Amino acid sequence: MRRPLFLYVFLFYWHFLNALFTVEAPQSLCVVERGNNVTMECTFPVNGKLEFRNLSVSWEKKDESKQVYELHKGEEDFKNQHSDFRGRIKLLKENLNLGQSLLQITDVKLRDAGVYRCVIVYGGADYKTIHLKVKAPYRIINQGVVSTGRNEWKLTCHSEGYPEAEVIWRNKNYEDLTHKANTRSETASDQLYRVTSTLTIKSGIDEIFYCIFWNKELQENTTAILHIADSTDGILQTESRRFVGAALIATAFVGSVLLFLLCIRKGLQVILTGCKRTVDNPASTRIYLP
Ligand SMILES: *[C@@H]1O[C@H](CO)[C@@H](O)[C@H](O)[C@H]1NC(C)=O
Ligand SMILES: *[C@@H]1O[C@H](CO)[C@@H](O)[C@H](O)[C@H]1NC(C)=O
């Protein structure tokens, strides 16, 4: 098996040539939502026309020493690519001519999170590292309201996301009822947390309760409204959906205003370079600022 490119660089080139040949990572932190595509970028100097057969590029996941992508002397080589990445990796080759090594990962998984190292050998040799963070917001909350006796109700909220969320319960006066609730979480597929919280409470008809999924690490809250009514679950479901819809529209609006202000302040090219979510569906675009 061939020695990993990184070692090769380190042993033979790096000490001697690193002053002459410099790889840069315009954005050393990328945040992407699970299921989306992401493009990470390293740049290197190309003087004149690119000589493909003198170029070697490699992307490795540093913390686990997994090979993600390798181009050896102008030839792509997938032999040692780790199975985690199979079929989800593309290097945008036309950009190499511009001195950009752009690695695209499609359908990002939670386990893709970590530190990536891009190594480039082209005359000289150098590398940079990029930290990829993957998030999974608790976007949709499923809810249930069941009568368990006279004026007693069992309220349930359920959602999936990452990292683990806390669930906070409040009544219509915004009093904290969390201490009366029972919250448990289990791991679902791809490291997702499946969080279920139940509140059993005495209440009359026509009361409102809130369950709030608090994703502390992402500083994100998602709220569902539970309405205790005479009729059955159908009404409750639509109300929850409407709330989520309104929240999404509000988020999109605030996002575009922020983006607009930022464009004015920094000039558009700042946002368009570096790591980006590769967008196919503009309706769900969200911008994550470092
Ligand atoms: C989310 O809700 C919790 C509890 O109500 C609150 O302490 C926290 O500040 C909220 N975070 C955001 C980002 O709104
Ligand atoms: C990610 O990229 C793939 C292939 O280019 C495309 O089919 C897919 O729709 C993209 N997904 C998103 C969420 O943009």
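Residues numbered from 1 in each chain as written. Chains lettered and ligands numbered in written order. Predicted model: local features only at pLDDT ≥ 70, side-chain atom pairs only at ≥ 80, totals over all residues. Heavy atoms only, no water.

Draft legend 1. Summary view of the site of ligand 1. Surrounding ligand 1, one finds Ile 168, Arg 170, Trp 214, Gln 219 and Asn 221. In the model, an oxygen atom of ligand 1 is placed 3.0 Å from a nitrogen or oxygen of the Arg 170 side chain. One nitrogen or oxygen atom from the side chain of Asn 221 is found 2.4 Å from an oxygen atom belonging to ligand 1. Relative to its unbound accessible area of 360 Å², ligand 1 is 57% covered by the protein chains. Residues that form the shell around ligand 1 fall into these classes: two nonpolar, two polar and one charged. (Near = heavy atom within 4 Å. Polar contact = N/O pair within 3.5 Å; in protein donor to acceptor, adjacent residues only side chain to side chain. Areas by Shrake-Rupley, 256 points an atom, 1.4 Å probe, with all protein chains shown as cover. Nonpolar A, V, L, I, M, F, W, Y, C, P; charged D, E, K, R; others polar.)

Draft legend 2. Just the sheet that holds strand β15 (residues 207–215), in detail. Spatially, three strands are ordered β12-β15-β16 in an open sheet, and the strand pairing comes out antiparallel. This sheet does not close on itself; its edge strands, each paired only once, are β12 (166–171) and β16 (220–228). Going from strand to strand, the sheet's axes swing by 20 degrees on average, the running direction of each strand aside. Pairing of β15 with β16, which is carried by nine bridges, proceeds in the antiparallel orientation. Residue pairing in the sheet places Phe 213 in a bridge with Thr 222 of β16. (Pairing = 2+ DSSP bridges. Helix = DSSP H or I, 4+ residues; strand = E, 2+ residues; numbered from the N terminus. Axes fitted to C-alpha atoms, helices over the stretch in contact; angles between N-to-C directions.)

Draft legend 3. Region of interest: the confidence of the model for the protein chain. When pLDDT is averaged across the protein chain, the result is 82; 73% of the residues are at 70 or more. Contacts of residues 266–274 to residues separated by more than four positions or lying in other chains number 11 contacts, the stretch itself having pLDDT below 50. Contacts for the low-pLDDT stretch residues 280–290, under 50 throughout, to residues beyond four places or in other chains number 14 contacts. (pLDDT = per-residue confidence, 0-100. Contact = heavy atoms within 4.5 Å.)

Draft legend 4. Looking closely at the nonpolar core. Residues Phe 44 and Trp 59 are the most contacted members of the largest nonpolar core, which totals 35 residues. Contributions of two or more residues to this core are made by β1 (29–33), β2 (37–43), β3 (55–61), β4 (66–72), β6 (89–91), β7 (100–105), β8 (114–122) and β9 (124–135). Setting aside residues no more than four positions away along its own chain, Phe 44 makes contact with Phe 21, Thr 22, Val 23, Leu 50, Leu 55, Leu 96, Gly 99, Gln 100, Ser 101, Ile 120 and Tyr 122. (Core = buried A, V, L, I, M, F, W, Y, C linked by side-chain atoms within 4.5 Å. Buried < 20%, exposed > 50% of the residue type's maximum accessible area, 1.4 Å probe, protein only.)

Draft legend 5. Broad picture of the pairing of β2. Of all the seven residues making up β2, six are buried; the element is thus mostly covered by neighbouring parts of the structure. When β2 meets β7, the two strands line up antiparallel, connected through six bridges. Bridging across to β7, Glu 41 finds its partner in Leu 102.

Draft legend 6. Structural view of the state of the cysteines. For the structure on display, the rule yields two disulfides. In this model Cys 42 forms its disulfide with Cys 118; the gap between the sulfur atoms is 1.7 Å. Every disulfide takes its handedness from the sign of the S-S torsion; for Cys 42 and Cys 118 that torsion is -85 degrees, giving left-handed. With Cys 42 in strand β2 and Cys 118 in strand β8, the pair connects residues that are 76 residues apart, well separated along the chain. For the pair Cys 42 and Cys 118, a shared accessibility class is recorded, and that class is buried. Disulfide pairing is shown between Cys 157 and Cys 211; the S-S distance is 2.0 Å. As the torsion about the S-S bond is roughly -95 degrees, the Cys 157-Cys 211 disulfide counts as left-handed. Of this pair, Cys 157 sits in strand β11 (residues 152–161) while Cys 211 sits in strand β15, placing them 54 residues apart in sequence. Residue class for Cys 211 comes out buried when judged on its relative accessible area of 0%. (Disulfide = S-S within 2.5 Å.)

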